[in-house]
Every structure is written in C-alpha cells, then in structure tokens.
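Geometric and topological summary
Here is how the chains run, residue by residue.
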Amino acid sequence: MIVLTSFMTTDKSYRKILEDKLYDPYIHKHISYPVIDEEKWKLLLFLIEQHKSLTTVQREKYIISTMLVQIALDTHDLVPIKQRADTESEIIEKQLQVLSGDYYSGLYYLLLAEAGEVQFIQTLANAIREINELKVTLYYEEQLPLETWLNIKTKLNASLLVHVANYLYGSDLESIIQNWLMYQRLDSEEAHYGHSLLRAEWEERNDKATSMPLIDEKLIRDYEKAVYSDISNLSSSTVFMEQFFYSQETKQMRTSRL
C-alpha cells in the first residue's frame, strides 16, 4: 500500500523556496504579490512526490519550476485586454504585470537549465505552446459552440499539470486531472460568488444573447461524476492517484458518491 506523503512538511518547505524565488521588492511595490493556485499546488506536490525514482533535487526543481510557469501564465492573464491605459499608474501596472510574468517564466528556464533538465524544459515549453494556441482559438473564433468552448476552457485550466503528469506517468491521468481541476474551480467560484465565473464569461462573449444555465450546480455535478468515473478507470500503474482524490474530496462529494 502506498502511503500518502506528508503534505505538512513538503508544502511548507517547497512553499518557502517558491516564495523566495517570487519575491522582488520593486515589482511588489507596484503590483500585488502573485497568488498560488492551491488546488494545482497540492496536485503538483502529490504528482512529483509520489514518483519515487526522482531525486530530491529533481523533485524540488520540477515543483518550483512548474509553479513558476503557472504563476507566470496567471500573471499574464491579469493584464487588461484593452489597448490603451487611462492613467500613468495603469500604464506602469500593466507593464509590470507583463514583465513580472516574463520574469517568473524566465526563472523556470534558468532553474532547469542550471540543473541540466533539458527534457523537463521541453515538457513545460510544450505546455506553454499548447496553452497559447488554445487562447488564440478562444480569442479569434467568435462562434464556438458551447461544448467546444467548455472543452477548451477545461484543457486550458489543466494543460500545464497534464503535461507534467504525461512526462512522469504517461497519458492515463489526462482526463482525471482535467475533470478534477475544473470541478475544483467551479466549486470554489460557486462558494465565493454564488455562481461560476465561466457563466459570466460565456454570456459576455455572446453579448448575453445566449444564457448558460448549465454552468452552475449541474455542471459542477457533471465534473464531479466524471472524476469518480475516471477513478474507476485508473490503470494499475496510476491507481495510486485514487488516494489523492479521496483525500481531497469534500463532505458533499463524499456523500454524493455513497
């Protein structure tokens, strides 16, 4: 039986390393400190820590570099789409958001290059390329069907961790990672805002001409069911992931599957 790694110890130590890498006094004088996506962080720690053939140095490099990329992507997403800023402070903030995202991304490359991890550099670079291609599709394809749009958003939300999982374990975990992370996103947004932000995004994209009632409780439950379906289909080489998902499920999820 595989014993779950103690997250209390690994989380604290890796988080301190990550925070030290992220901190820059000039950048954070003007823009807010980057937010760590906690669900992706926990899943990333588990994926890396359970791969017993990795050395201690590799685990640290893979965890920190992957999260630096995730934070770089999230930081770039905060940059306003509008072409012109209204004030000098807005111009500075926008420029710093772009530059800080580039800075975090550059740190990942430096970290792995110094360790000679060429293959993992390529893995993260492929993920970044796929994410940018998906974003371009969303931006330029104005008449995407709802199902296609949701599929792209689901892939976007999980692409980085899917590429890392594929590198470590093969493609068996792709579906479950996508469904789990989208479930967590929808559930978190429902708790904080009373609805999913995806719904507002879809309606804005379609000038509110097409409502999206499925993006709320029913869609959350659909992703939840998909996670448990994926768990039942895990292969013998990836069945250890079942322990992670059951350890992270909420009381509501646990009740729904009984």
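Anything mentioned here points back to the structure above.
Residue numbers here run from 1 along each chain, matching the order of that chain's written sequence. Per-residue local features of the predicted model are confined to residues with pLDDT of at least 70, and side-chain atom pairs are confined, for both listing and counting, to 80 or more; whole-chain, interface and lining totals are unaffected and use all residues. The basis for every side-chain value is the complete set of non-hydrogen atoms in the structure, without hydrogens or water.

Before going further, it helps to examine the overall build of the protein. Secondary structure elements are taken from DSSP: a helix is a run of H or I of four residues or more, a strand is a run of E of two residues or more, and numbering for both begins at the N terminus. Assigned secondary structure in the protein consists of 12 helices and 0 strands. What you see in the protein, going N to C, is helices and strands ordered as α-α-α-α-α-α-α-α-α-α-α-α. Sequence-distant contacts in the protein: of pairs separated by 6 or more residues, those separated by 24 or more amount to 69%. Within the structure as shown, the protein displays about 14,000 Å² of accessible surface, and the carbon and sulfur contribution to it stands at 53%. Whether two residues touch is decided by their heavy atoms; if any such pair falls within 4.5 Å, the residues are in contact. Areas reported here follow the Shrake-Rupley algorithm with a probe of radius 1.4 Å; residue values treat only the protein chains shown as occluding.

Now for helix α3 (residues 38-49). To estimate the expected span of a helix, subtract one from its residue number and multiply by 1.5 Å. Taking 1.5 Å of rise per residue, the 12 residues of α3 would be expected to cover 16 Å, and the 16 Å separating its terminal C-alpha atoms lies within 8% of that figure. We call a residue buried when its accessible area falls under 20% of the maximum for its residue type, exposed when it is over 50%, and partly exposed in between, using a 1.4 Å probe and counting protein chains only. Buried residues of α3: Lys-40, Trp-41, Leu-43, Leu-44, Leu-45, Phe-46, Leu-47, Ile-48 and Glu-49, and no others. Residues adjacent in sequence count toward polar contacts only when both atoms are side-chain atoms; beyond that, a polar contact is any pair of N or O atoms within 3.5 Å, and within protein one must be able to donate a hydrogen and the other to accept it. If you check the start of α3, you find a side-chain oxygen 3.3 Å away from the backbone N of Glu-39, and it comes from Asp-37.

This part is about the pattern of salt bridges. The salt bridge definition used is simple: a Lys or Arg side-chain nitrogen within 4 Å of an Asp or Glu carboxyl oxygen. For the structure on display, the rule yields 11 salt bridges. With its nearest N and O atoms 2.9 Å apart, the salt bridge here joins Glu-38 to Arg-15. Highlighted residues: Glu-38 in helix α3 and Arg-15 in helix α1 (residues 7-22), separated in sequence by 23 residues. Across the salt bridge formed by Asp-222 and Lys-218, the nearest N and O atoms sit 3.0 Å from each other. Here the residue Asp-222 and the residue Lys-218 both occupy positions in helix α10 (residues 217-232), the gap between them amounting to 4 residues, near one helical turn. You can call Lys-218 partly exposed: its relative accessible area is 47%. Three or more residues joined by partner-sharing salt bridges are found here, namely Asp-11, Arg-15 and Glu-38.

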